[in-house]
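A closer look at the structure
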Amino acid sequence: EAQVTQNPRYLITVTGKKLTVTCSQNMNHEYMSWYRQDPGLGLRQIYYSMNVEVTDKGDVPEGYKVSRKEKRNFPLILESPSPNQTSLYFCASSLSSGGAYEQYFGPGTRLTVT
Amino acid sequence: AQKVTQAQTEISVVEKEDVTLDCVYETRDTTYYLFWYKQPPSGELVFLIRRNSFDEQNEISGRYSWNFQKSTSSFNFTITASQVVDSAVYFCALTSLQIQGAQKLVFGQGTRLTINP
């Protein structure tokens, strides 16, 4: 089944404790992206990747890191999480960056930082 | 600037009623793409439709239909004979070739639709 998976789905952590949210897609998609969703602010892009080893900042990259060493994986790293990073996070992928293809979203990761 | 406005924050209707969700977009690009996504209470984002700027044909898929009008920069979504399972937050989104090669989605704020039995 074609899908985007994220782990963990739920996470409660404390300020400053490094964490990684994994994202994997099995559709051989070139483009991958991370969004966060917050009440009243909608969905905002954090980072994106056009292909392996090609990543760039989105609208709200502060406090986050990413890497794209393999085509299928695009982990989101919070080196020192803070309470303002409490949010619902979505990973997304699409076929190519050369045109507009529908983006497929993972199930979301609900992160709480205390 | 690229922008999507969903003016209806919340809509509540009784089952079997028809309901239209409004979406107004702003872009200076001549080539752009519009999307609708559904976010049910379980939280995932489900793709519903993609439309490019050169195709103004309306689309119907079962009880769902979409009305794309470039003259008013609108891409409205209608659910006919609504059902309780249609209860969700619905997002309209826009991208264009000027935005990360037409990959980054600019989302509206979403419309929370509640269908009451």
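Residues numbered from 1 in each chain as written. Chains lettered and ligands numbered in written order. Predicted model: local features only at pLDDT ≥ 70, side-chain atom pairs only at ≥ 80, totals over all residues. Heavy atoms only, no water.

**Re the interface of chain B and chain A**
If you look at the interface, chain B gives 19 residues, while chain A gives 24 residues. Between chain B and chain A the total buried area reaches about 1,800 Å² when both faces are included, carbon and sulfur atoms providing 52% of it. Applying the counting rule to chain B against chain A returns 2 salt bridges. For A:Glu102, the salt bridge is made with B:Arg50, and the minimal N-O distance between the two is 3.2 Å. Counting across the chain B and chain A interface gives 5 residue pairs in polar contact (both at pLDDT 80 or more). Among the elements of the structure, strand S5 (32-39), strand S6 (46-52) and strand S10 (88-96) of chain B are those that each provide at least two residues to the side of chain B that touches chain A. Top contributing element to the side of chain B that touches chain A by residue count: S5(B), with 4 residues. (Contact = heavy atoms within 4.5 Å. Buried area = accessible area lost by both parts, 1.4 Å probe. Salt bridge = Lys/Arg side-chain N within 4 Å of Asp/Glu carboxyl O. Polar contact = N/O pair within 3.5 Å; in protein donor to acceptor, adjacent residues only side chain to side chain. Helix = DSSP H or I, 4+ residues; strand = E, 2+ residues; numbered from the N terminus.)

**Remarks on the nonpolar core**
By size, the foremost hydrophobic cluster in this structure holds 23 residues, and its most contacted members are B:Trp36, B:Phe75, B:Phe77 and B:Tyr90. Mapped by element, the contributors of at least two residues to this core are strand S2 (10-14), strand S3 (19-21), S5, strand S8 (64-69), strand S9 (74-79), S10 and strand S12 (111-116) of chain B. Sort the elements by how many residues they give to this core and S10(B) lands first, with 4 residues. Those residues in contact with B:Phe75, other than ones at most four positions away along the chain, are B:Cys23, B:Leu34, B:Phe35, B:Trp36, B:Ile49, B:Arg51, B:Trp66, B:Asn67, B:Phe68 and B:Cys92. One finds A:Ile46, A:Val66, A:Leu78 and A:Tyr89 within the second-largest nonpolar core, a separate group that totals 19 residues. (Core = buried A, V, L, I, M, F, W, Y, C linked by side-chain atoms within 4.5 Å. Buried < 20%, exposed > 50% of the residue type's maximum accessible area, 1.4 Å probe, protein only.)

**A closer look at the pattern of salt bridges**
Residues and elements named next belong to chain A. Evaluated as defined, the whole model comprises 8 salt bridges over all chains. Between lysine 65 and glutamate 79 there is a salt bridge, with its nearest N and O atoms 3.0 Å apart. With lysine 65 in strand S7 (residues 65-66) and glutamate 79 in the loop between strand S8 (76-78) and strand S9 (87-94), this residue pair connects regions lying 14 residues apart in the sequence. Residue classification places lysine 65 among the partly exposed residues on the basis of a relative accessible area of 42%. On the basis of relative accessible area, glutamate 79 is assigned to the partly exposed category, the value being 37%. A single salt-bridge network, built from bridges that share partners, covers Arg36, Asp38 and Arg44.

**What to know about the pairing of S10(B)**
Residue and element names in this part refer to chain B. Within S10, 9 of the 9 residues are buried, which leaves the element mostly enclosed by the surrounding structure. Residue alternation in S10 divides its side chains into two sets, Ala88, Tyr90, Cys92, Leu94 and Ser96 and Val89, Phe91, Ala93 and Thr95, and both sets are buried. As judged from the 8 bridges shared by S5 and S10, these two strands associate in the antiparallel manner. Across the sheet, tyrosine 33 pairs through a bridge with threonine 95, a residue of S10. (Pairing = 2+ DSSP bridges.)

**Observations concerning the layout of surface pockets**
Approximately 600 Å³ is the volume attributed to the largest pocket. Together, 26 residues line the largest pocket, and A:Gln37, B:Gln39, B:Val89, B:Phe91 and B:Arg112 are the ones closest to its centre. For the lining of the largest pocket, the elements supplying multiple residues, two or more each, are strand S4 (31-38) and S9 of chain A together with S10 and S12 of chain B. Residue contributions to the lining of the largest pocket peak at 4 residues, all from S12(B). Class assignment for the residues of the lining of the largest pocket results in 9 nonpolar, 13 polar and 4 charged. Size it by volume and the second largest pocket reaches roughly 260 Å³. As for the second largest pocket, its lining consists of 16 residues, of which A:Ala2, A:Gln3, A:Val4, A:Tyr104 and A:Phe105 are closest to the centre. Of all elements in the fold, only strand S1 (4-7) and strand S10 (104-105) of chain A together with S6 of chain B reach the threshold of two or more residues within the lining of the second largest pocket. In terms of residue class, the lining of the second largest pocket is made up of 10 nonpolar, 4 polar and 2 charged. (1 Å grid on protein atoms, 1.4 Å probe; cavity = no way out; pocket = protein on both sides within 12 Å on 5 of 7 lines; lining within 4 Å. Points joined across faces, edges and corners; volume = space filled by probe spheres on them. Nonpolar A, V, L, I, M, F, W, Y, C, P; charged D, E, K, R; others polar.)

**Points about the side chain of B:Thr111**
Along the chain, B:Thr111 falls in strand S12. Each residue touching B:Thr111, except ones within four places of it in the same chain, is listed here: B:Gln6, B:Gln8, B:Thr9, B:Ile11, B:Leu21, B:Ala88, B:Val89 and B:Tyr90.

**Describing the confidence of the model for chain B**
Looking at chain B as a whole, its pLDDT mean stands at 92, while 97% of the residues score no less than 70. The secondary structure element of chain B with the lowest average pLDDT is strand S7 (residues 59-61) of chain B, at 89, and the one with the highest is S3(B), at 98. (pLDDT = per-residue confidence, 0-100.)

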